[in-house]
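Analysis of the macromolecular model
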Amino acid sequence: MQRRDQNMRIGVLGSGQVGGGIARKLASLGHDVMMGSRSATNKAADFPGIKLGTATEAAAHGEWVVNALPGETSLHVLGQCDIAGKILIDIGNYDSAVDQPIAIPLGEAIQKAHPDTRVVKTLNSISAHLMVDPANLQQKHTVFIASNDEAAKREVTALLESFGWQDIIDLGDLSACRAMEQLVPLWMSLEKKFGGPQFNLAVIRG
């Protein structure tokens, strides 16, 4: 298994604000990154040093895969990808979670559809710029993580630490995805209240 101080091949699915930010951060840390989506190949000038291709090509490239796609399209796209046996970092949320109940949380649905994939849920309740630069907020704040695979969770925790995260709370197995994904309406309300995404939640222990 690769350690966080070793360069890895990582495929990032999604080329929007979240996927693009994650891809740039991983590349800056020395990882061999391929970003995949229908529009990624049209964005070469925006991603120097990052390979571009389709989602299936990016997934095939990666020893690890990052799902930065909307929840509504994630299962369809992942169904076309070779991700068996790989660590899959799921950052996705359902757009419908803003104002509707979640029937089956995305992280759990991905694990059920891909039982041989080592799914780790994290970063889904944090704005894109803070995902890769937690020090952008002066005070310590919190990121949550969950997985059925303890070893995969440790590997991803180490990657989060390489991003600069200090307060990483392990919520246990993927049954925690419901709580994590249901933070979306709160996040949207806070963004509206503050007029932007320059915030995050912090868990204060007594």
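The present account deals with the structure reproduced in this document. (Residues numbered from 1 in each chain as written. Predicted model: local features only at pLDDT ≥ 70, side-chain atom pairs only at ≥ 80, totals over all residues. Heavy atoms only, no water.)

1. Structural notes on the nonpolar core
- Val-12, Ile-22, Leu-26 and Leu-123 are the most contacted members of the largest nonpolar core, which totals 31 residues.
- Per element, the largest residue contribution to this core is 5 residues, and it comes from helix α6 (residues 150–163).
- Once you skip the residues sitting within four places of it in the chain, Leu-123 turns out to touch Ile-22, Ile-91, Met-131, Val-143, Phe-144, Leu-160 and Trp-165.
- Grouped together as the second largest cluster of nonpolar side chains are 22 residues, Ala-55, Ala-58, Val-77 and Leu-174 included. (Core = buried A, V, L, I, M, F, W, Y, C linked by side-chain atoms within 4.5 Å. Buried < 20%, exposed > 50% of the residue type's maximum accessible area, 1.4 Å probe, protein only. Helix = DSSP H or I, 4+ residues; strand = E, 2+ residues; numbered from the N terminus. Contact = heavy atoms within 4.5 Å.)

2. Thoughts on unusual backbone geometry
- Its identity is not glycine, yet Leu-123 carries a phi of approximately 65 degrees, on the positive side.
- Relative to the assigned elements, Leu-123 resides in the loop between β6 (118–122) and α5 (128–131).

3. Re the packing of aromatic side chains
- Taken as a whole, this structure holds 2 aromatic pairs when the rule is applied.
- Residues Trp-187 and Phe-199 carry aromatic rings whose centres are separated by 5.4 Å and whose planes lie at 35 degrees to one another, so their mutual orientation is tilted. Of this pair, Trp-187 sits in helix α8 (residues 184–194) while Phe-199 sits in the segment after α8, and the two are 12 residues apart along the sequence.
- When its relative accessible area of 8% is taken as the criterion, Phe-199 is described as buried.
- Residues Phe-194 and Phe-199 carry aromatic rings whose centres are separated by 5.5 Å and whose planes lie at 65 degrees to one another, so their mutual orientation is edge-to-face.
- An aromatic cluster of three or more residues is present, and its members are Trp-187, Phe-194 and Phe-199. (Phe/Tyr/Trp six-rings, centres within 6.5 Å; stacked < 30°, edge-to-face > 60°.)

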